[in-house]
Amino acid sequence: MPSINKAIIPIAGYGTRLFPATKAVPKALFPIIDKDGFAKPIIQLIIEEALSAGVEQVCIVAQPHQVEPITDYFSGDVPQAILEKPELAIQADKLTEIGKRLQFAIQSVPEGFGHAIYCAKDFAAGDAVIVLLGDHLYIPEYDVTCAKQLVDVYDNVGKSVTSLDICDESELSVNGIVQGTVSGDNPNLFQLARIAEKPTVDYAREYMRVDGIWDNEPNHKYLCHFGIDLLTPLLFDILDYNYRNKILTHGEIQLRDAMGEIVKQEGMYGYCVEGKRYDTGNPQELLKTEYAFGRQGPYQDSLI
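Residues numbered from 1 in each chain as written. Predicted model: local features only at pLDDT ≥ 70, side-chain atom pairs only at ≥ 80, totals over all residues. Heavy atoms only, no water.

### With respect to the packing of helix α10 (residues 234-244) against helix α11 (residues 255-265)
As a reminder of what qualifies: For helices, the fitted line uses only the C-alpha atoms of the stretch in contact; every axis is such a line through C-alpha atoms, and the angle between N-to-C directions lies from 0 to 180 degrees. Numbering goes from the N terminus for both helices and strands, where a helix is a DSSP run of H or I of at least four residues and a strand is a run of E of at least two. Roughly parallel means an angle under 35 degrees; roughly antiparallel means over 145; roughly perpendicular covers 65 to 115; every other angle is labelled oblique. Helix crossings fall into two classes, left-handed where the near helix is turned counterclockwise from the far one by less than a right angle and right-handed where it is turned clockwise. Contact between two residues is taken to exist if any of their heavy atoms lie within 4.5 Å; hydrogens are not considered. Under the scheme applied here, ten amino acids are nonpolar (Ala, Val, Leu, Ile, Met, Phe, Trp, Tyr, Cys and Pro), four are charged (Asp, Glu, Lys and Arg), and all others, including Gly, are polar.
Packing of α10 against α11 leaves a shortest axis separation of 9 Å and a crossing angle of 125 degrees. On the basis of the axis angle, α10 is oblique to α11. Where α10 crosses over α11, the two elements pack in a sense that is right-handed. Residues Leu234, Leu235, Ile238, Leu239 and Asn242 of α10 form the contact with α11, whose participating residues are Leu255, Asp257, Ala258, Glu261, Ile262 and Gln265. Per-class residue counts for the contact of α10 with α11 are seven nonpolar, two polar and two charged.

Encoded structure:
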């Protein structure tokens, strides 16, 4: 089975929830103080997550105006004063190495998450890919990154794998939900039977229950997507069909619809990742992300 060496990261949204800052700086370049104490933009942390899993090539799906600032950031063009400080020169070298791995696909008009990934079809070129959301960051519970955990599962099962978390019923409107059964002796691994993007409460209660998770009265819980997907080449055949035939959910080409078709045609697994996800796409969650990463780093004593 081929190893996973390609990652796709879509960032082509308008950043409206973080306006007006996104008028000056693309959301993907907002800084986070990483666990090593260095200030890094969100996109760098996501790329480093992918590289930790063995990825060698990264495609960023962007709007045209986002390409230049990101390309410039991952270039070797830094002031000499930076290179004279050894610890900063190391960071500059890392940026240059990442820049060599980057490609871009353009999504001029956002038409959904699935459409964003479809724009990277030529980059995938018939290979399996790992997809990471452009505004989610992760902190693992142990020394294996969340993306690497998913790749390890893929190496074992040989089929598409989506990362999973548990959400409350009140969060159905903002999550993709999966339904399945525990696979083998691993309580974190599920063989999936159904995927639904932002289902209604009535639909979820009838079709998306998972034994041992849903039965938490009175607050029902569900398995939801964690934000990292490892998908076989069949994905792009399905996305191509959905795009040409205008198969939409909530008015957009949805990645989860294509994944649901993979479940039917090839089968798919879900894995409850041992770690936490952080959404940087709105002010309150960005604050939580900054705090969580700060708690992991050398400046934690400075936090109030």
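### Focus: the nonpolar core
Basically, it comes down to this: To qualify as a nonpolar core, a set must consist of buried Ala, Val, Leu, Ile, Met, Phe, Trp, Tyr and Cys residues joined through side-chain atoms within 4.5 Å. Note on exposure labels: buried denotes an accessible area under 20% of the residue type's maximum, exposed denotes more than 50%, and partly exposed covers the range between, all computed with a 1.4 Å probe on protein chains only.
Judged by nonpolar contacts, the single largest core of 50 residues is most densely connected at Ile43, Ile47, Ile60 and Ile130. Leave out the neighbours within four places in its chain, and Ile60 touches Ile9, Ile11, Ile43, Ile47, Ile70, Leu102, Gln103, Phe104 and Ala105.

### Observations concerning the side chain of Gln44
The condition is simple: Between N or O atoms, a polar contact is any pair within 3.5 Å; within protein, one atom must be a potential hydrogen donor and the other a potential acceptor, and residues adjacent in sequence are included only when both atoms are from side chains.
As for its placement among the helices and strands, Gln44 is situated in helix α2 (residues 42-52). Residue Gln44 is classed as buried on the basis of its relative accessible area of 1%. Among the polar contacts listed, one links the side chain of Gln44 to the side chain of Tyr73, at a separation of 2.5 Å. When sequence neighbours within four positions are dropped, the list of residues in contact with Gln44 reads Tyr73, Phe74, Leu95 and Ile98.

### Topic: the pairing of strand β7 (residues 136-140)
Note the cut-off: Should DSSP find at least two bridges between two strands, the strands are taken to pair.
Of all five residues in β7, four are buried, a share of seventy percent or more. Note that β7 and strand β13 (residues 275-279) share five bridges and pair antiparallel. Pairing of Tyr138 across the sheet is with Arg277, part of β13.

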